[in-house]
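# Examining the three-dimensional arrangement
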Amino acid sequence: MEPHQDSPVYANYEDMRNSGPASSTAYMVNMGSAGMAPEPALRVPGTTQQYRGFKTSENEPRGCMEWVVTLFSVLIFIITSPIAIFICFKVVAEYERAIIFRLGRLSGGARGPGMFFILPCIDEYRKVDLRTVTFNVPQQEMLTKDSVTVTVDAVVYYRISDPLYAVIQVEDYSLSTRLLAATTLRNIVGTRNLSELLTERETLAHNMQHTLDEATEPWGVMVERVEIKDVSLPVSMQRAMAAEAEAARDARAKVIAAEGEKKSATALKEASDVISSSPSALQLRYLQTLSSISAEKNSTIIFPLPMELLTPYLAKYAHLMGPPPELKPSPEKSDNLILDAQAAWPKTNL
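A short tour of the structure in this document, coming up. (Residues numbered from 1 in each chain as written. Predicted model: local features only at pLDDT ≥ 70, side-chain atom pairs only at ≥ 80, totals over all residues. Heavy atoms only, no water.)

Here we take up the sheet that holds strand E8 (residues 133-143). Overall, antiparallel pairing links the three strands, which are arranged E8-E9-E10 in an open sheet. Of all strands in the sheet, those bounded by a partner on one side alone are E8 and strand E10 (221-232). Taken over all neighbouring pairs, the strand axes of this sheet differ in orientation by 25° on average, direction set aside. In this structure, strand E9 (residues 149-160) lies alongside E10, joined through ten bridges in antiparallel fashion. Residue pairing for E10: Arg-159 is matched across the bridge by Met-222. Running at roughly 35° to E8, helix H5 (residues 173-189) makes contact with E8, E9 and E10 of the sheet. The strands touched by helix H7 (residues 201-216) within the sheet are E9 and E10, with E10 carrying the most contacts at an inclination of about 145°. (Pairing = 2+ DSSP bridges. Helix = DSSP H or I, 4+ residues; strand = E, 2+ residues; numbered from the N terminus. Axes fitted to C-alpha atoms, helices over the stretch in contact; angles between N-to-C directions. Contact = heavy atoms within 4.5 Å.)

Here it is in structure tokens:
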């Protein structure tokens, strides 16, 4: 039994192309960063690695018809060389890369920036923009985990990290990324409560970015950033939340006011105990009150008169005043008038 032989691993497509095997072989291409040593691709015996590389028919032997068409294309280029030069030489900008297909097969890796050459009639190429692309995820109306209807929209920033994967592995990487972003947003919002959705936007955006990046990596797309723009609630829900917040604030205000009254009552009791221990303290308090009132320019003069001075005179002339009058109110009036009149009449016992 022959030992299992792994397919060779190349740093790029140019090295794989120059090797030129004689038969079709599954190659693993390491798409590492430029200027860095290629990382070894992991291989599992009996399986084809799809994450780091994929099969291509670039180095398979060409048929007789393909050679004839290629020679015919070269002949056309030579005959029409003065004009064909302007057609066959292409230029890509610094932020672009070109993927060339010759007779439907991949011809080398990504070309650019700069100028490259294509053969007439048999070569076609596709340009890929490497700049960051921004798009708005359409507003998604969905239910949260606690069955609240919300409308959420977001912004996604992505760029092409591998032009070869973006052209070969997916038909339209832009449309696929947009649809996947909308679906991912709905899935993430459906697993969160409303409170988490309103208070943890950064965490939700990070989870969405991580999920999109993992899903789009085989397409050569790297999601750089995701931002949740707005979370809209129904008007009835907004009113209910506003009423709940207002009730909570009122409850806290009442508790704070009650605590303040309790503290002020305790302080007044202590002050009354101090004043009652000294007879002159009350008179000093009167003088302090007069001083605070006279600080402002007003025409009101308040003179405190102790009730102890009037007690003997009231007791001496109380019997001359007679009993309080009896009122006979009309049926329409209430009994409160009688009580008020009796309370206003001076008492005989002081």
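On inspection of all chains with the given rule, the structure shows four aromatic pairs. The interplanar angle of 75° and the centroid separation of 5.1 Å between the aromatic rings of Phe-77 and Phe-117 together place this pair among those described as edge-to-face. Residue Phe-77 is found in helix H2 (residues 64-79), and its partner Phe-117 is found in strand E6 (residues 114-117); the two are separated by 40 residues along the sequence. Exposure remark for Phe-77: the relative accessible area of 17% places this residue in the buried category. With a relative accessible area of 28%, Phe-117 lands in the partly exposed category. A centroid spacing of 5.3 Å and a plane angle of 55° characterise the contact between Phe-89 and Phe-117, whose relative ring orientation is tilted. Of this pair, Phe-89 sits in strand E3 (residues 89-92) while Phe-117 is found in strand E6, placing the two residues 28 residues apart along the sequence. Using a relative accessible area of 32% as the deciding quantity, one classes Phe-89 as partly exposed. Each residue in the set Phe-77, Phe-89 and Phe-117 is aromatic and connected to the rest through ring pairs, giving one cluster. Across the ring face of Tyr-95, the terminal group of Arg-131 is positioned such that the distance to the ring centre comes to 3.8 Å. (Phe/Tyr/Trp six-rings, centres within 6.5 Å; stacked < 30°, edge-to-face > 60°. Buried < 20%, exposed > 50% of the residue type's maximum accessible area, 1.4 Å probe, protein only. Lys NZ or Arg CZ within 6 Å of the ring centre and 35° of its normal.)

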